[in-house]
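Chain by chain, the residues run as shown.
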Amino acid sequence: MAQAAARHILVQDEATCNELKSKIAAGEDFAALAQKHSMCPSGRSGGDLGTFGPGQMVPEFDKVVFSAPVNEVQGPVKTQFGYHLLEVTQRTD
């Protein structure tokens, strides 16, 4: 079964999400931004979500995690929780 490891930053609105994505693209550290801005408890650990399989996360999240290129920041991804920036750090099919 496929497995993935990912990290994310969860914020309230799309504008903030896009602003953080621009900062990462300009070289700012994903984990540091997650610690400072993420509303998810995982923010304390740099947004790290650990390893999980398909169906363990909300569908919008799963779709990106199991199809996006590894080590490339994706988003904004809208879920019922808010807006996410996602980065798949590892995946096995």
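As a reminder, the structure under discussion sits directly above these lines.
It should be emphasised that the depicted structure is a prediction, and the values quoted were computed from it without experimental measurement.

Trainee: It is not clear to me how the overall build of the protein chain should be interpreted in this structure. Could you clarify?
Mentor: A tally of regular secondary structure across the protein chain gives three helices and four strands. Reading the secondary structure of the protein chain in the N-to-C direction produces β-α-α-β-α-β-β. On the principal axes, the C-alpha backbone points of the protein chain span a range of 35 × 25 × 20 Å. By residue count, 41% of the 93 residues in the protein chain fall in the buried class. Across the protein chain, the fraction of contacts at a sequence separation of at least 24, relative to all contacts at a separation of at least 6, is 58%. In the structure as shown, the protein chain presents an accessible area of about 5100 Å², 49% of it carried by carbon and sulfur atoms. With 8 positive and 11 negative side-chain charges, the protein chain shows a spacing of 2 Å between the two charge centroids.

Trainee: Would you mind going over the nonpolar core with me for this structure?
Mentor: What tends to happen in soluble globular proteins is that the nonpolar side chains get buried as a cluster. Membership of the largest hydrophobic core is limited to eleven residues, which are Ala 4, Ala 6, Phe 52, Val 58, Phe 61, Val 64, Val 65, Ala 68, Val 77, Leu 86 and Val 88. Look past the residues within four positions of Phe 61 in its chain and what remains in contact with it is His 8, Leu 49, Phe 52, His 84 and Leu 86.

Calculation notes
- Residues numbered from 1 in each chain as written.
- Predicted model: local features only at pLDDT ≥ 70, side-chain atom pairs only at ≥ 80, totals over all residues.
- Heavy atoms only, no water.
- Helix = DSSP H or I, 4+ residues; strand = E, 2+ residues; numbered from the N terminus.
- Buried < 20%, exposed > 50% of the residue type's maximum accessible area, 1.4 Å probe, protein only.
- Contact = heavy atoms within 4.5 Å.
- Areas by Shrake-Rupley, 256 points an atom, 1.4 Å probe, with all protein chains shown as cover.
- Lys, Arg positive; Asp, Glu negative; His and termini not counted.
- Charge placed at Lys NZ, Arg CZ, Asp CG, Glu CD.
- Core = buried A, V, L, I, M, F, W, Y, C linked by side-chain atoms within 4.5 Å.

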